[in-house]
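Examination of the molecular architecture
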Amino acid sequence: MTEPTFLFGQFVSGLTTAMFLFLIASGLSLIFGVLRVLNFAHGSFYMLGAYVAWQMVQWLGPRTESFWLAVLVAALAVALLGAVIERLLLRHLYRREELYQLLFTYAVVLVLGDLAKFTWGTQQLSVPRPPSLEGALHLFGVQIPYYSLFIMVLGPLIAVAFSLVLSRTSAGRMIRAAALDREMLSALGANTNWLYAGMFAVGSFLAGLGGALVTPVRAIVPGMDVEIIVEAFIVVVIGGLGSLWGTFLGALIFGQVLAFGILVFPGFSIFAAFALMAAVLILRPWGLLGKPLK
Amino acid sequence: VNARRLPWVLIVFLLLVWIPWFGSRYYTFLATDIVILALFATSLNLLIGSTGLVSFGHAAYFGIGAYACAILTKTHGLPFIVGLAAAPVLAGAFAAFFGFFCVRLTRIYFAMLTLAFAQIVWAVCLKWNAMTGGEQGMPSVPYPNMDWMNALPFLAGLRVGEKYYLVALVVVAVCFALLRMIVYSPFGRMLTVIRENPERAGFIGINVRRYELAAFVLAGAFAGVAGALFGIFNRGVFPDFAYWSKSAEVLIMTLLGGMGSFWGPAVGTAALLWLHQQITAYTQFWPFILGTILIILLFAFPGGIVGAIDAGLTRLRRRRRA
């Protein structure tokens with residue numbers, strides 16, 4: 001059972017899972033870093049991304065390169081929805097206790113979950129891979145679909161792009177400042193309203209993008225929102241709430257735990273993932289690469 | 001008359017005990033559901049309302065209590081009373097172990113760690129087939145032996161569900177009496193001090209963590225009792241009892257009623273379950289309605305039902321005085 005080919009296969013599948021999760025969890029982490037809101041609705045944005053992408057593919061025709069247009073539209077639509085929710089509702093809760101913010105985002109989960117059921121029904125939906133990424137690479141006796149390879153490349157690219165934005169641009173400087181001290185930033189005259197709305201939109205965009213890109217690999221079903229959000233929480237907590245590279249590391253660890261935990265005994269993976277989350281919270285509450293909050 | 005001096009638990013008990021005779025079977029069913037989950041919500045409020053600790057994993061102790069009672073009575077054939085006693089002990093023990101780590105963290109991290117522990121409990125319940133029945137759960141948990149009621153006047157003619165309602169009501173009433181004693185005891189006052197200002201509480205010599213842990217254990221133990229009762233009422237125990245959405249559900253009940261008062265969570269539970277029954281008769285989109293109610297609540301009535309009534313009464317009184 002533990003022959004090298006099998007191990008390599010598990011490693012690759014863990015890596016693919018990790019990069020999907022990174023896309024989603026990075027948005028969650030960025031939102032927390034700036035807004036200090038733990039967003040349960042992030043999983044719902046991911047689900048909506050998947051459904052909108054499916055809808056677009058139905059309209060534009062499956063098995064064509066219009067898949068990429070569908071992905072982009074889905075991510076943008078979700079980003080817009082995120083910005084609207086933040087501006088209309090969430091921002092009024094910033095001064096309240098965390099419990100109110102948590103429950104608000106949970107209420108959004110309930111509403112969006114039912115809206116999705118109402119619009120797209122409860123049956124499983126799926127989207128075919130775009131023609132340009134059909135087929136698979138044979139490496140060390142393991143079949144790696146080109147689509148998985150694409151995701152494995154996209155994940156690090158997005159991580160690098162974001163870290164460049166954070167470190168090199170003025171918007172990035174604002175974001176880092178907001179993560180350190182929000183009051184000081186607004187006292188210095190920065191327009192934090194736009195910053196928060198923009199950050200929430202970008203985070204939602206990433207969730208929508210993750211949801212849209214996952215459609216050729218996983219079935220689109222109601223309940224995918226609730227499932228993914230817990231996984232994203234694990235990743236973000238392990239890496240450190242608010243830390244981009246922490247989230248990247250957290251996703252890598254989570255993916256491998258999921259892939260290799262199955263060798264211990266079936267069902268061990270899910271237990272190990274939560275145990276890891278608890279262990280990190282106990283030993284280093286701010287995560288492996290995060291910084292303690294003031 | 002000082003309203004607080006009245007034996008409220010006894011009064012509520014005496015009001016509710018008549019339901020099997022005057023209400024329909026359906027109302028007895030609904031009342032059992034409400035009574036048990038009201039205990040669950042009130043146990044959570046010992047953490048949130050009294051101590052100011054927001055737990056996002058309270059379902060863990062509900063689930064542990066449910067499984068403890070179900071395993072003892074169904075798998076091992078022990079009497080109900082043993083299962084009922086074991087539930088708070090086991091749930092409290094787990095709460096002590098998990099809580100030991102949780103109270104070391106603050107705010108969002110506390111919530112995340114309670115969530116992580118609850119998910120561990122859920123994962124174990126889901127995968128430990130030999131003990132918990134895995135995904136299938138444990139169907140048909142036996143009712144307690146209630147034949148002795150046949151020897152009593154009035155009780156002899158009741159159906160088994162109605163007898164169980166009385167059993168649950170008595171157990172819950174005892175728990176409510178205990179919870180009320182705890183909240184209004186010097187210990188409970190200390191918890192309020194910690195909620196209002198943990199730093200200052202520390203300065204005046206209160207061992208904040210120890211008090212928080214004690215509250216966590218007590219809340220867990222009472223949630224365990226609620227779980228044990230609910231498993232029997234539900235005719236089965238399932239891993240979902242410990243899942244995070246269950247923790248969110250009980251938070252909503254607590255918030256809906258009002259975290260600021262002792263009876264708030266119970267009122268919230270009654271309102272939510274009654275509404276659920278009404279609305280699911282018309283539409284399957286209950287979560288949508290619940291989400292909408294929750295959003296309205298968060299923005300318009302952050303004090304919940306009891307909080308809103310309180311504010312209304314105060315305004316009335318002021319107007320009368322003026």
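In case you missed it, the structure is sitting above this.
All of these numbers come straight from a predicted model, not from anything done at the bench. (Residues numbered from 1 in each chain as written. Chains lettered and ligands numbered in written order. Predicted model: local features only at pLDDT ≥ 70, side-chain atom pairs only at ≥ 80, totals over all residues. Heavy atoms only, no water.)

Next up on the list: the interface of chain B and chain A. Chain B puts 39 residues into the contact, and the matching count from chain A is 39 residues. With both sides pooled, the region where chain B packs onto chain A buries about 3800 Å², and carbon together with sulfur makes up 86% of that total. Applying the counting rule to chain B against chain A returns zero salt bridges. If you look at where chain B meets chain A, you find three residue pairs in polar contact (both at pLDDT 80 or more). (Contact = heavy atoms within 4.5 Å. Buried area = accessible area lost by both parts, 1.4 Å probe. Salt bridge = Lys/Arg side-chain N within 4 Å of Asp/Glu carboxyl O. Polar contact = N/O pair within 3.5 Å; in protein donor to acceptor, adjacent residues only side chain to side chain.)

Next up on the list: the pattern of salt bridges. Scanning all chains against the criterion turns up four salt bridges over all chains. The closest approach of N and O atoms between Glu86(A) and Arg87(A), which form a salt bridge, is 2.9 Å. The partner of Glu196(B) in a salt bridge is Arg195(B), and the shortest N-O contact between them spans 2.9 Å. Accessibility expressed as a relative area gives 35% for Arg195(B), which makes it partly exposed. (Buried < 20%, exposed > 50% of the residue type's maximum accessible area, 1.4 Å probe, protein only.)

Residue and element names in this part refer to chain B. Following both chains from N to C, one finds helix H12 (residues 244-257) and helix H15 (residues 304-321) inclined at 5°, their axes separated by 3 Å at the closest point. By the angle class used here, H12 and H15 are roughly parallel. In this structure, H12 contributes Leu-255, Leu-256 and Gly-257 to the contact, and H15 contributes Gly-304, Ile-305, Val-306 and Gly-307. The class makeup of the residues in the contact of H12 with H15 is four nonpolar, three polar and no charged. (Axes fitted to C-alpha atoms, helices over the stretch in contact; angles between N-to-C directions. Helix = DSSP H or I, 4+ residues; strand = E, 2+ residues; numbered from the N terminus. Parallel < 35°, antiparallel > 145°, perpendicular 65-115°, else oblique. Nonpolar A, V, L, I, M, F, W, Y, C, P; charged D, E, K, R; others polar.)

Right, let's get into a nonpolar patch on the surface. All names here are of chain A. Judged by side-chain polarity, Val-160, Leu-164, Trp-245, Leu-249, Leu-288 and Leu-289 come together as a nonpolar surface patch covering roughly 470 Å² of accessible area. When residues of the nonpolar patch are traced back to their parent elements, those giving at least two are helix H5 (146-168) and helix H10 (244-264). Mapped onto the secondary structure, Leu-249 falls in helix H10. Using a relative accessible area of 30% as the deciding quantity, one classes Leu-249 as partly exposed. (Patch = residues over 30% accessible without salt bridge, like charges linked within 9 Å, V, L, I, M, F, W, Y side chains within 5 Å. Areas by Shrake-Rupley, 256 points an atom, 1.4 Å probe, with all protein chains shown as cover.)

Our next topic: the environment of Leu103(A). Structurally, Leu103(A) can be placed in helix H4 (residues 98-120). When the C-alpha atoms of Leu103(A) and Phe40(A) are compared, they prove to be 8.5 Å apart, with 63 residues separating the residues in sequence. Setting aside residues up to four positions removed in sequence, Leu103(A) forms contacts with Leu251(B), Ile252(B), Leu255(B), Leu294(B) and Leu298(B).

On to the side chain of Thr254(B). Residue and element names in this part refer to chain B. Its place among the elements puts Thr-254 in helix H12. Residue Thr-254 is classed as buried on the basis of its relative accessible area, which comes to 0%. Residues within four places of Thr-254 in sequence aside, it is in contact with Ala-41, Leu-44, Asn-45, Met-259 and Pro-265.

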